[in-house]
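So you can see what is in the structure, the chains are spelled out below.
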Protein chains: 2
Amino acid sequence: MAVTMHDVAVRAGVSIKTVSNVVNAYPHIRPETRQRVQEAIDELGYRLNTTARNLRTRRTDMITLAVPELSLPYFAELADRVIRAAEEQSLTVLIEQTGGSREREVDVLTGKRRQLTDGLIFSPLELSQADLALFDVDFPLVILGERVFDAPADHVTMNNVAAARAATVHLASLGRRRIAVVGAHEGEELGSAALRTEGYKQGLAEAGLPFDPELVGEAGLWHRSTGSETMGRMLDAGVQVDAVFALNDAMALGALHALHARNLDVPRDVALIGFDDIDDVRYSVPTISSVDPGSAQIARTAVDLLVERIAGPSERGYRRVVPASRLVGRESTGDVAEGAPEQIVAELEGGVEEVSTLLDKTA
Amino acid sequence: MAVTMHDVAVRAGVSIKTVSNVVNAYPHIRPETRQRVQEAIDELGYRLNTTARNLRTRRTDMITLAVPELSLPYFAELADRVIRAAEEQSLTVLIEQTGGSREREVDVLTGKRRQLTDGLIFSPLELSQADLALFDVDFPLVILGERVFDAPADHVTMNNVAAARAATVHLASLGRRRIAVVGAHEGEELGSAALRTEGYKQGLAEAGLPFDPELVGEAGLWHRSTGSETMGRMLDAGVQVDAVFALNDAMALGALHALHARNLDVPRDVALIGFDDIDDVRYSVPTISSVDPGSAQIARTAVDLLVERIAGPSERGYRRVVPASRLVGRESTGDVAEGAPEQIVAELEGGVEEVSTLLDKTA
DNA sequence: GTCGTTGGTTACAACGATGTAGAGTGAATC
DNA sequence: GATTCACTCTACATCGTTGTAACCAACGAC
């Protein structure tokens, strides 16, 4: 079948281990031996069998990235960045789509695929604080997002509350009084929806605006379609609105669509801000202001933290990293003239924190 | 360290092989033996070591999907679909981003990661017909796209010429006389750009319109940004345009942006059609007409063909599969009123063809 | 009572690499 | 001239599974 080290060894007249040493760039090899082996490798077209090596070394040099779905632009961009960052560390990325299914998310942590890779970067959507115990795993893990806090793992998250507050305050500073929010999850206390909605409320308070439940639009999944539906539903119900804070950009695009369909001009009639700062919003008509939560740094940090954990179980505590974020003003808030480049409206500092887990690890 | 079959075997008082048989659902096992083993497995928390199994069985149950980049929505959607289709066959997908680098594309076919999986679904962007020999590989391969034809591999492609022709004819049928194309690649004879441009020319001819080189906009990479730049460049150069055929949807979105920035209304002043029918174009303002090349079927077929090849080197020839495609009319061509649902303007049949390779396989 | 058959299980040898320990060199050191 | 040391290489066990062949018991057929 395939050429093995044994074949190469025979051809080069050396031991298998010497071939292995050549392949692995072991330094103490006589140049002529190395050359002889290399020639044999070339002549036979030998390729190292990664599976065998993985078995022997107990490493795969692969990591898993688990996200809800790639068709959501935010996660597609995240995956792109994680793959690139991993690449720089010679790691291969395996992507799991959980599709917003709780079962699939549990599977990511416990299922049979788990052991295919050396570690996991996990952005849960369904699992929550109540499932904290599930995150007490015996493999390197980095958690993304804001569904779960204080798990025994490194965590990269964002300035959700502060950024949402800044976005809301900004809308108010434009003179808007009826600021709607699109994408809320009623009853939740943690998660992007809850935190950003909390920031929204704080922003209203800071601006001296009343909170009106009528202005809160629910949307379970954060797609373009749900953003459009939620916005449409509110407008069709006669809710008066002069600004919209969409909790992510996909919904902002959907909301824009719904507003347009009802002959409401953005930003003249309704100002609009999204969240995530995906590439789309730089090219929509009009361009949409958004919160850049530091996506580039999120991906890079997640990979770095994971690599550190894989390298060895260090003594350091679990870290919570929050990248710096920015509020980017574009046409949808009238911050820039039509066709003018974007403009940074606000900047929020990030930070790194050493945290302790909520779990009782004394057991 | 980890629990192995050996540990389970000892605990259950059976041989290792019997444990293996239980795990692999071998039928001839006494119920009580099975139960004893199962209990031992549960008690010890045993998990099958996939790497060891992979080594022994020479299978990984993983496949690779190699695409230019996930931040391009078309490929993100493709990846999403391929992962789902693979899932149904219990396969795990590893994604490689080639980033439009020739070197990376060669690596996908020959590099060290190649052997991590049982097969490859490859959508090349840089490799071309001149590299045909590279595709003569000894592992299951399915080629996507239109860079390479008649390689010794299964191939899933699209109705590029016919669909582009239909799109162009449709624009002409709306009374448009100055139809620009965005995204052309000068000098190429194969590839999406060349084929769709060819369809564009045929469409012009069919409509009795002259071909004007001024109306051909070059764009190397097919991103929103390049679509916007190309469109902007043409308009700023004073090219008169009353319709635009963007060779993919990302560029259509960019072009829309550029048109809007110059106060040109779509569809009143300029009609616009894209290609790919990604989710974005259903929510842009206005919604954009596009060619749906049968994306759903492409992903599914690619996985099916690959699975078939992996199952066993069958005697059947290499297939070229072209899914049925459709021209979907939306607001950007005035095919539907504002806010009205999309409408199928044209349908093109697909087909399956048994092809022979251009390579001399007699060697 | 012997002979296939089938069912249930096992021993053993792979799969293709790497870690460990140690055996030969020859040069440098005392 | 013996000892040490660094360098170069090898033999062997091992990673955790699964395929193969073969064994034993029980059974019905003759």
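Provided above is the structure to which this section pertains.
Quick caveat: nothing in here was measured; it's all calculated off a predicted structure. (Residues numbered from 1 in each chain as written. Chains lettered and ligands numbered in written order. Predicted model: local features only at pLDDT ≥ 70, side-chain atom pairs only at ≥ 80, totals over all residues.)

S.K.: Explanation requested: the sheet that holds strand S7 (residues 216–218) of chain B in the structure shown.
M.R.: The strands making up a sheet associate through hydrogen bonds between their backbones, and the pairing can be parallel or antiparallel. All names here are of chain B. Across the sheet, which stays open at both edges, the seven strands sit in the order S7-S6-S8-S9-S10-S12-S13 with mixed pairing between neighbours. Both outer strands of the open sheet, S7 and strand S13 (343–348), are each paired with one neighbouring strand and no more. Across the sheet, the mean angle separating the axes of adjacent strands is 20° when strand polarity is ignored. Where helix H7 (residues 160–173) meets the sheet, it contacts strand S6 (179–184), strand S8 (243–246), strand S9 (271–275), strand S10 (289–292), strand S12 (325–329) and S13, and its direction lies at approximately 140° from that of S13. (Pairing = 2+ DSSP bridges. Helix = DSSP H or I, 4+ residues; strand = E, 2+ residues; numbered from the N terminus. Axes fitted to C-alpha atoms, helices over the stretch in contact; angles between N-to-C directions. Contact = placed C-beta atoms within 7 Å.)

S.K.: I tried to follow the environment of Asp280(A) on my own but got confused; where do I start?
M.R.: As for its position among the elements, Asp280(A) is in the loop between strand S9 (271–275) and strand S10 (289–292). Once residues within four sequence positions are removed from consideration, Asp280(A) is found in contact with Pro73(A), Asp249(A), Leu253(A) and Asp280(B).

S.K.: Just to check I follow, could you spell out the protein's contact with DNA strand D for this structure?
M.R.: Near DNA strand D, the surroundings consist of 27 residues, among which Thr18(A), Thr33(A), Met5(B), Ser20(B) and Asn49(B) are the closest. Counting residues per element, the ones that place at least two in the surface near DNA strand D are helix H2 (16–23) and helix H4 (50–57) of chain A together with helix H1 (5–12), helix H2 (16–23) and helix H4 (50–57) of chain B. In terms of residue count, H4(B) provides more of the surface near DNA strand D than any other element does, five residues in total. In the surface near DNA strand D, the residues fall into eleven nonpolar, ten polar and six charged. (Near = placed C-beta within 6 Å. Nonpolar A, V, L, I, M, F, W, Y, C, P; charged D, E, K, R; others polar.)

S.K.: Which parts of the structure should I look at to understand the protein's contact with DNA strand C?
M.R.: Not every one of the 26 residues close to DNA strand C is listed here, only the nearest: Thr4(A), Ser20(A), Asn49(A), Thr18(B) and Thr33(B). The element contributing the most residues to the surface near DNA strand C is H4(A), with five residues. Its residues placed into classes, the surface near DNA strand C shows eleven nonpolar, nine polar and six charged.

S.K.: Can you walk me through unusual backbone geometry in this structure?
M.R.: Leave glycine aside and you will find that most residues have negative phi; peptide bonds, for their part, are mostly trans. Residue Pro267(B) follows Val266(B) across a cis peptide bond; omega there is 10°. Cis geometry marks the peptide bond from Val285(B) to Pro286(B), where omega comes out at -5°. Even without being a glycine, Asn263(A) presents a positive backbone phi close to 60°.

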